[in-house]
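Observations on chain architecture
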Amino acid sequence: MDLIEEELQEEQNKPRITAKGAMNPDKNFLDKFRPMFQRINEELSGSVGSHVFLIREVGRHALLGEGKRLRPLLFVLSGQLCGYGREDIYRLSTIFEYIHVASLIHDDVLDNAELRRKKPSVRNVWGNLTAVLGGDYLYSKAAGLAIESGKLEWIKLLNDTTRQMVEGQILELENTHNWELTRDSYMEIIISKTAVLMSAACASGAIVAQADRKAFDHLSQFGRNLGIAFQLLDDVLDYTSREEDFGKPVGKDLREGKITLPLIYTLQDLGAGERERLKELFKNKKAREEDHRALITKVRNNGVIERIKSEARQLLEANGRHLEPFPESAAKEHMLELNRYMVERQH
Ligand code: FPP
Ligand code: MG
């Protein structure tokens, strides 16, 4: 951990009290899904299944341990919501963790990231070459499971999804250090790189359950909005969290030249002179530790964090309507709870 992170963490280490007086409101929220996570984890452990030792090691390292398993969970709940009752839902759900983890392994190569899910990243342990191939392997595991299902519609959806994720990553790459990035372009990036996978996880529940087009469309929209809120929060937490909660360093986006909504809003609120000064400093990599610290502190304290959270809250409040056409069930209740959780999560 460098100097900035130490100092920022000191500030963040103060206990956080929420409006209701409770600390870390999301801390135990996901516990209620423990039996489902256990089933998902059982399917994931030992599933890598290659005769190549290194692939099994990389797969185990990246797939097991920390990780919220939100995408497989959303798929399982969406399937149940549409009346799918077969136990193979858990095996099928691993498709979404495989794709997600493959994309994170590759993302860490792109970002030169040291840490992922509170552990050294795959590239940190085995190097970039193994990380690229390990990600490819997990991605092909996902494809294999979908192909086995024989559902062409599903294979097509997953293929469209991963293609859009790559497009999102390329757009993000092209816009590194683009201090003129607009909110619209930022939204396009986060929808492509993040929201489409949550959307596919939810919509796939309708596909396996052979539900109608209306159910598919509602679940697709529901998951897309969850994904947008998830990434908005991820980008907020990058400025406000603590490394031990977040599982990766704070202030990483600014350091990587990634322009996200907290910075976009902060820049909008500044005068043209100050905006140009910062742009020139950071874009030309002349920023010192104290410049990073000052800008992160400014982003944290100028009201943009609450503004983004409130936007995410509004999006999620309206999102509940996509579940209205479905009959009442435990799955529906859980999905509505997850919808609320997306913006309150602390990591
Ligand atoms: C993490 O976001 C990364 C993603 C959401 C998507 C990564 C997608 C790819 C690498 C392309 C698709 C690849 C495959 C194998 C399908 P972030 O960088 O905002 O979050 P971070 O702070 O956790 O790195
Ligand atoms: Mg990244």
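Scoring rules and cut-offs
Residues numbered from 1 in each chain as written. Chains lettered and ligands numbered in written order. Predicted model: local features only at pLDDT ≥ 70, side-chain atom pairs only at ≥ 80, totals over all residues. Heavy atoms only, no water. Helix = DSSP H or I, 4+ residues; strand = E, 2+ residues; numbered from the N terminus. Buried < 20%, exposed > 50% of the residue type's maximum accessible area, 1.4 Å probe, protein only. Contact = heavy atoms within 4.5 Å. Areas by Shrake-Rupley, 256 points an atom, 1.4 Å probe, with all protein chains shown as cover. Lys, Arg positive; Asp, Glu negative; His and termini not counted. Charge placed at Lys NZ, Arg CZ, Asp CG, Glu CD. Core = buried A, V, L, I, M, F, W, Y, C linked by side-chain atoms within 4.5 Å. Donors = N, O, S within 2.8 Å, 3.2 Å for Na, K, Ca; no water. 1 Å grid on protein atoms, 1.4 Å probe; cavity = no way out; pocket = protein on both sides within 12 Å on 5 of 7 lines; lining within 4 Å. Points joined across faces, edges and corners; volume = space filled by probe spheres on them. Nonpolar A, V, L, I, M, F, W, Y, C, P; charged D, E, K, R; others polar. Salt bridge = Lys/Arg side-chain N within 4 Å of Asp/Glu carboxyl O. Axes fitted to C-alpha atoms, helices over the stretch in contact; angles between N-to-C directions. Parallel < 35°, antiparallel > 145°, perpendicular 65-115°, else oblique. Left-handed = near helix turned anticlockwise from the far one by under 90°.

This paragraph deals with the overall build of the chain. Secondary structure summary: the chain contains 17 helices and two strands in total. Along the three orthogonal principal directions, the C-alpha set of the chain runs to about 60 × 45 × 35 Å. Within the span of the chain, comprising 347 residues, buried residues form 53% of the whole. Across the chain, every contact between residues at least 6 apart in sequence was considered, and the portion connecting residues at least 24 apart equals 77%. Within the structure as shown, the chain displays about 15,700 Å² of accessible surface, and the carbon and sulfur contribution to it stands at 52%. Mean positive and mean negative side-chain charge positions of the chain (50 and 54 charges, respectively) differ by 2 Å.

What follows is about the nonpolar core. Counting 101 residues, the largest nonpolar core has Trp154 and Leu338 as the members making the most contacts within it. Those residues in contact with Trp154 that sit more than four places away from it in its chain are Phe75, Leu92, Ile95, Phe96, Ser149, Ser204, Ile207 and Val208.

Right, let's get into the coordination of the magnesium ion (ligand 2). Looking at the magnesium ion (ligand 2), one finds its protein donor set to be Asp107 (OD) and Asp111 (OD), positioned 1.9 to 2.1 Å from the metal centre. With Asp107 and Asp111 both in helix α5 (residues 89–111) and four residues apart, the pair spans about one turn of that helix. This pair shows no difference in class: Asp107 is buried, exactly as Asp111 is.

What follows concerns empty space enclosed by the protein. Inspection of the entire model under this criterion finds two cavities of 30 Å³ or more. Counted as a void, the largest cavity has a volume near 120 Å³. Secondary structure elements with two or more residues in the lining of the largest cavity: α3 (53–63), α5 and β2 (119–120). At four residues, the largest contribution of residues to the lining of the largest cavity is made by α5. Looking at the lining of the largest cavity residue by residue, the classes come out as seven nonpolar, two polar and five charged. If you go around the second largest cavity, you meet 13 residues; those closest to its centre are Glu172, Leu181, Ile189, Lys258 and Ile259. With four residues, helix α9 (residues 183–208) is the largest single contributor of residues to the lining of the second largest cavity.

Right, let's get into the pattern of salt bridges. Going through the model one piece at a time under the given rule, you end up with 35 salt bridges. Of the charged contacts in the structure, one is a salt bridge between Glu148 and Arg91, with a shortest N-O distance of 2.8 Å. Of this pair, Glu148 sits in helix α7 (residues 128–149) while Arg91 sits in helix α5, and the two are 57 residues apart along the sequence. Measuring nitrogen to oxygen at the nearest pair gives 2.9 Å for the salt bridge that ties Arg117 to Glu97. In this pair, Arg117 is assigned in the loop between β1 (115–116) and β2 and Glu97 in helix α5, connecting sequence segments 20 residues apart. As far as the burial class goes, Arg117 and Glu97 line up, both buried. Connected through salt bridges with shared partners, the residues Asp111, Glu172, Lys193, Lys252, Asp253, Glu256 and Lys258 form a single ionic network.

A few words now on the packing of helix α4 (residues 70–81) against α9. With their axes 7 Å apart at the nearest point, α4 and α9 run at an angle of 30 degrees to one another. In this view, α4 runs roughly parallel relative to α9, as classed from their interaxial angle. Regarding α4 and α9, the two cross each other, and that crossing is right-handed. Facing α4, whose interface residues are Arg71, Leu74, Phe75, Ser78 and Gly79, α9 presents Leu197, Met198, Ala201, Cys202, Ser204, Gly205 and Val208. Counted by class, the contact of α4 with α9 contains seven nonpolar, four polar and one charged residues.

The values are spatial; any link to function lies outside them.
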